[in-house]
Amino acid sequence: MDSRKIVLLVGALFVAGITAFFARTLIAGSSAPQAAAMGQPVAPPPVTGPEVLVATRALPVGTILDATALKFQPWPQELVDGAYYLKAGTDLSKLLGTVVRNAVTAGQPVTKGALVSPGDRGFLAAALGPGMRAVTVSVSSQAAVAGFVFPGDRIDLVLTQTVAGGGEGQPLKVSETIMRNVRVLATDQRTDNTVGEDGKSRVSTFSTVTLEATPKMAEQLAVARTLGELSLSLRALADNSSELEEAIASGAVSVANGDPKAEKAMMLRVATQPQVGSASFATGGDVSRFQRSTVPAKASDSMSGVPMAGTATPGAAPAAIQGPVVRIARGNSVTVVPVGGKN
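On a predicted model such as this, the values are computed, not experimentally measured, just so you know.

Asks: Would you take a moment to explain the side chain of threonine 98 for this structure?
Replies: The topology assignment puts threonine 98 in the loop between strand 2 (70-74) and strand 3 (99-100). By relative accessible area, threonine 98 is classed as buried at 0%. Of the polar contacts made by the side chain of threonine 98, one reaches the backbone oxygen of leucine 95; its length is 2.6 Å. Not counting the four nearest positions on each side in its chain, threonine 98 is found in contact with Thr63, Ile64, Leu65, Leu115, Val116, Ser117, Pro118 and Phe123.

Asks: Any chance you could explain a nonpolar patch on the surface here in plain terms?
Replies: On the surface, a nonpolar cluster with roughly 550 Å² of combined accessible area is contributed by Phe14, Val15, Ile18, Phe21 and Phe22. Tracing the sequence through the fold places phenylalanine 14 in helix 1 (residues 3-29). Overall, phenylalanine 14 belongs to the exposed group, its relative accessible area being 57%.

Asks: Looking at this model, I keep getting lost on helix 4 (residues 215-227). Mind explaining?
Replies: Since the α-helix turns once every 3.6 residues, residues separated by three or four places project in the same direction. With 13 residues, helix 4 extends 19 Å from end C-alpha to end C-alpha; this agrees with the ideal 18 Å at 1.5 Å per step. The complete set of buried residues in helix 4 reads Met217, Ala218, Leu221 and Ala224. The arc that holds every buried residue of helix 4, seen down its axis, measures 120 degrees, which confines them to one face. Of the exposed residues in helix 4, those oriented more than 90 degrees away from the buried face are Lys216 and Thr226. For helix 4, the secondary structure elements touched by its buried residues are strand 5 (133-138), strand 6 (154-163), strand 7 (172-187), strand 8 (208-213), strand 9 (229-234) and strand 10 (275-276).

Asks: Just checking my understanding: could you explain the pairing of strand 13 (residues 325-330) for this structure?
Replies: Each regular strand displays side chains that alternate between the two surfaces of the sheet. Little of strand 13 sits inside the fold, with 0 of its 6 residues counted as buried. With 6 bridges connecting them, strand 13 and strand 14 (residues 333-338) associate as antiparallel partners. From the neighbouring strand, arginine 330 faces strand 14, where its bridge partner is serine 333.

Asks: Is there a simple way to explain the pattern of salt bridges in this structure?
Replies: When the charged atoms of two side chains with opposite charge come close together, those side chains can pair. Under the definition given, this model contains 5 salt bridges. Its salt-bridge partner being glutamate 219, residue lysine 216 comes within 3.8 Å of it at the nearest N-O pair. Of the two residues, lysine 216 and glutamate 219 both sit in helix 4, 3 residues apart, roughly one turn of that helix.

Procedures and definitions
Residues numbered from 1 in each chain as written. Predicted model: local features only at pLDDT ≥ 70, side-chain atom pairs only at ≥ 80, totals over all residues. Heavy atoms only, no water. Helix = DSSP H or I, 4+ residues; strand = E, 2+ residues; numbered from the N terminus. Buried < 20%, exposed > 50% of the residue type's maximum accessible area, 1.4 Å probe, protein only. Polar contact = N/O pair within 3.5 Å; in protein donor to acceptor, adjacent residues only side chain to side chain. Contact = heavy atoms within 4.5 Å. Patch = residues over 30% accessible without salt bridge, like charges linked within 9 Å, V, L, I, M, F, W, Y side chains within 5 Å. Areas by Shrake-Rupley, 256 points an atom, 1.4 Å probe, with all protein chains shown as cover. Salt bridge = Lys/Arg side-chain N within 4 Å of Asp/Glu carboxyl O. Expected span 1.5 Å × (residues − 1). Arc of directions from axis to C-beta. Pairing = 2+ DSSP bridges.

Quick look at the structure:
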């Protein structure tokens, strides 16, 4: 083999070795991105900025804030605005009971202009939802769940009344649920929860309660106050899911298939919508067998010596009645009731 071929062979081996070295370097450098592309998660760099107050869930206009609606979260230093609530100078307990004036999306910082504190001008108007009204009703300590109702809770309204009727028996006693899922705006003149030294809400009795109602419900409440006594029935949070199923079954709301945002908006609308109509009721006969379950029958005017129309007194000729009739005998009294025909 001549020297020229040997030189070419050595040069080819040298180039091949260099190529293999660079190829190996490139493959090793791209192994991490390749692993990420194959589904292995890559942890984002930690945020080292100050902690600001953010919303843990979507806060629409009129939301009364509680401890579960807010939290502090690190935020990039270059994105911190002067209107944000910083953890260094914010007392979170003082923000509980405030009302959202501007809507805040979940995970976004809460600005100082987005909240209205109790006692501030326009607080109650900000707490009202669009198209809603504030109505105040009087309640007793027993009818107000002994003070365990707080602003922001949802209640049912129960009307208890006495229905008069004829007869010598007692009048009908009845109670009925006239409104459901009504939001409490204030108790007496308090629009926030009184917090004790242990950080828990303090229970206190009240004589008036301010409710959020539609204009039609406000009219009905004005009449209900004159009919009898109003009582509050505190609702459980789990009741909204069962009523959502009833609303879907009745066709009151439609299910948005395949759209999570529309479905979430539908559930929020049903959960915050007060309901009226389809009232359930209970009478005295449902509680005690010594009470009535219907309105007492009217007394017969014959007891006062004045015969009723169509009533035959003993020894008197019955009035001439044309057409088919039914004669009802009660002792010595016979009542003639026409059932049809031409007079």
